[in-house]
Amino acid sequence: MIKILIADDHRIFLDGLRAILSTEKEISVEAEAISGDEVLKLLSLRNDIDIVVLDWEMIGKNGLDTAIEIRNNHPHVKILMLTMHDSGELIDKLFAVPVDGYILKLKGADQLVEAIYKLNDGRTHFSPEIHEELVKYRKSKTRNEEIKLTPREMEVLRLIAQENTTPEIAETLFIAQSTVETHRRNLIGKLGVKSTLGLVKWAVEHNIK
């Protein structure tokens, strides 16, 4: 019998999970939790849980921090993330834990059951979309780390992000307007965007203000 602990801060969703898993003869939902702290308390009280099905957003301690503590203190427990979140950055952090599986809530019950059986057999299970988001995020991260902007380019980018015009930037930095436009073109090329709007979006995403 595969013993499961399910964790989510929505009672209706927990009830739905229990109903789905109750149809499987080899799966038993042994405990439920609505917070990360509750998950950790339950695991400290019993050592027979095989798999924790864990959401990202919960009361108090989030899914990432909970997963880290499970891995550190209960290494025999398999961790299956079941969440709406498909952020590449979050997925990358959870892969580093590492979790054993990651599926999206929008998927059908059959994928959840399949994942549980695979984890119990010592395998992993990740939705195809999860792999795609992770690959895109890591490519973007690598590219951003390779980008080297000069101090002057950073100044120009910051002023562009603040919606300054070319004459305003030239006056602020005591440079020619043509020099501002040269920096703008260089920034567009380096950052791989198509326009000034792209520069603004890039600056916002990288907290350049």
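All chains use their own residue numbering, which begins from 1 and follows the written sequence. With the structure being a predicted model, the display of local features is reserved for residues of pLDDT at least 70 and the display and counting of side-chain atom pairs for 80 or more, all residues being used for whole-chain, interface and lining totals. Values reported for side chains reflect all heavy atoms of the structure, with hydrogen atoms and water molecules removed beforehand.

Thoughts on the pairing of strand E2 (residues 27-33)
So, step 1. Burial analysis of E2 places 6 of its 7 residues in the buried class, which makes it a mostly covered element.
So, step 2. By this definition, two strands are paired if DSSP reports at least two bridges between them. Under the scheme used here, helices are H or I runs from DSSP no shorter than 4 residues and strands are E runs no shorter than 2 residues, and both carry numbers assigned from the N terminus. Bridge count between strand E1 (residues 2-7) and E2: 6 bridges; the pairing is parallel. The residue of E2 that forms the bridge with Leu-5 is Ala-31.
So, step 3. Regarding the hand of the β-α-β motif, the stretch spanning E1, helix H1 (residues 11-21) and E2 is right-handed. Each residue is placed in one exposure class: buried if its accessible area under a 1.4 Å probe, protein chains only, is under 20% of its type's maximum, exposed if it is over 50%, and partly exposed if it falls in between. Seen with its strands pointing away from the viewer, a crossover is right-handed when the path leading from the first strand over the helix to the second is clockwise.

A closer look at helix H8 (residues 166-173)
So, step 1. Thr-166, Ile-169, Ala-170 and Leu-173 are the residues of H8 that are buried. One side of H8 carries all its buried residues, which in axial view fall inside an arc of 100°.
So, step 2. Contact criterion: two residues are considered in contact whenever any of their non-hydrogen atoms come within 4.5 Å of each other. On the buried face of H8, the contacting elements are helix H7 (151-161) and helix H9 (177-191).
So, step 3. Two residues or fewer past H8, Phe-174 is found with a positive phi of approximately 60°. Our arc is simply the arc of the directions from the helix axis toward the C-beta atoms.

Regarding helix H3 (residues 63-73)
So, step 1. When we look at burial in H3, the residues that qualify are Gly-63, Leu-64, Thr-66, Ala-67, Ile-70 and Arg-71. All buried residues of H3 lie within an arc of 160° about the axis, which places them on one face of the element.
So, step 2. If you check the start of H3, you find a side-chain oxygen 3.1 Å away from the backbone N of Leu-64, and it comes from Asn-62. We call two N or O atoms a polar contact when they sit within 3.5 Å, provided that within protein one can donate a hydrogen and the other can accept it, with sequence-adjacent residues counted only if both atoms are side-chain atoms.

Some points on the packing of aromatic side chains
So, step 1. Stacked, tilted and edge-to-face pairs are distinguished by plane angle, under 30 degrees for stacked and over 60 for edge-to-face with tilted covering the rest, among Phe, Tyr and Trp rings (Trp via its six-membered ring) whose centres lie within 6.5 Å. Here the structure, examined in full by the defined rule, presents 1 aromatic pair.
So, step 2. Relative to Phe-126, the ring of Phe-95 has its centre 4.7 Å away and its plane inclined at 35°; by these criteria the two rings are tilted. Residue Phe-95 is located in helix H4 (residues 88-96), and its partner Phe-126 is located in strand E6 (residues 125-126); the two are separated by 31 residues in the primary sequence.
So, step 3. Judged by its relative accessible area of 14%, Phe-126 is buried.
So, step 4. Between the NZ or CZ atom of Lys-105 and the centre of the ring of Phe-13, over which it lies, the distance is 4.2 Å. In this scheme, Lys NZ or Arg CZ marks a charge over a ring once it lies within 6 Å of the ring centre and within 35 degrees of the ring normal.

Focus: the packing of H1 against helix H5 (residues 109-120)
A packed helix pair is summarised by two numbers, namely the angle formed by the two axes and the spacing between the axes.
So, step 1. The contact between H1 and H5 brings their axes to 11 Å, and the two run at 70°. One finds that H1 runs roughly perpendicular with respect to H5. Considering how the two elements wind past one another, H1 and H5 form a crossing that is right-handed. From H1, Leu-17, Ile-20 and Leu-21 reach across to H5, where they touch Ala-109, Leu-112, Val-113 and Ile-116.
So, step 2. Residues are grouped as follows: Ala, Val, Leu, Ile, Met, Phe, Trp, Tyr, Cys and Pro are nonpolar; Asp, Glu, Lys and Arg are charged; all remaining types, including Gly, are polar. Considering only residue class, the contact of H1 with H5 consists of 7 nonpolar, no polar and no charged. Lines fitted to C-alpha atoms define the axes, with helix axes restricted to the stretch in contact, and inter-axis angles between N-to-C directions lie between 0 and 180 degrees. In this scheme, roughly parallel covers angles under 35 degrees and roughly antiparallel covers those over 145, while 65 to 115 is roughly perpendicular and the rest are oblique. Throughout, a crossing is termed right-handed when the near helix is turned clockwise from the far one, and left-handed when it is turned anticlockwise from it by less than a right angle.

A short note on the sheet that holds E6
So, step 1. One open sheet holds the 6 strands; their spatial order is E2-E1-E3-E4-E5-E6, and the pairing between them is parallel. Looking at which strands have only one partner, the edges of the open sheet turn out to be E2 and E6.
So, step 2. Strand direction decides the pairing type here: strand E5 (residues 101-104) and E6, joined by 2 bridges, are parallel. Opposite Tyr-102, over in E6, you have Phe-126 as the bridge partner.
So, step 3. Here helix H2 (residues 36-45) sits on the sheet and contacts E1, E2 and strand E3 (51-54); the angle it forms with E2, its principal contact strand, is near 125°.
So, step 4. Taken strand by strand, H5 contacts E1, E2, E3, strand E4 (78-83), E5 and E6, and its axis lies near 165° from that of E4.

Bear in mind that shape data such as this cannot, by itself, settle questions of function.
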